[in-house]
Amino acid sequence: MTLDPRSRRVAVVADSLLELLMPELQSRGFGAIQLPPAELEPDVAAAWLEQVAEHVAEFIRNDYEVVLADDGTYGVELDTALAALNVPPLPQYAIQPPSTSRLTPDR
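Residues numbered from 1 in each chain as written. Predicted model: local features only at pLDDT ≥ 70, side-chain atom pairs only at ≥ 80, totals over all residues. Heavy atoms only, no water.

### A short note on the nonpolar core
Move 1: Core analysis: the biggest nonpolar cluster contains 19 residues, and Val12, Val56, Leu78 and Leu90 have the highest contact counts within it.
Move 2: At six residues, helix H2 (residues 42-61) tops the list of elements feeding residues into this core.
Move 3: In contact with Val56, other than residues within four places in its own chain, are Val12, Ile33, Val66, Leu82, Val87 and Leu90. (Core = buried A, V, L, I, M, F, W, Y, C linked by side-chain atoms within 4.5 Å. Buried < 20%, exposed > 50% of the residue type's maximum accessible area, 1.4 Å probe, protein only. Helix = DSSP H or I, 4+ residues; strand = E, 2+ residues; numbered from the N terminus. Contact = heavy atoms within 4.5 Å.)

In structure tokens:
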């Protein structure tokens, strides 16, 4: 048994999904790396994505599980930045559907 609280799980998350997904990610033991907001200037977003790709490459080299929760804004650009570092595209994070148990009447 280890006392290390880190789960070695990281999600790369679209800015538009971050607030929505953080509680779920935390409960499932994921840290998060935020992708740039859609409204950033292209050169700033490119620099941000380059840094994200470098972090992801390092996490993968150290045997972390890394997944992507993408909204489609920067998926292609992130894949390109990862490919430049010989890192394959990230698997998509499976977003858990909201519970419907609250919608079922009590019997």
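### Brief notes about the packing of H2 against helix H3 (residues 75-83)
Working note: a packed helix pair is described by the angle between its axes plus the distance between those axes.
Move 1: Look at H2 against H3: their axes get within 9 Å of each other, and the N-to-C directions meet at 55°. Viewed along their axes, H2 and H3 adopt a mutual orientation that is oblique. The way H2 lies across H3 gives a crossing that is right-handed. Residue-level contacts link Leu49, Val52, Ala53 and Val56 of H2 to Glu77, Leu78, Ala81 and Leu82 of H3. (Axes fitted to C-alpha atoms, helices over the stretch in contact; angles between N-to-C directions. Parallel < 35°, antiparallel > 145°, perpendicular 65-115°, else oblique. Left-handed = near helix turned anticlockwise from the far one by under 90°.)

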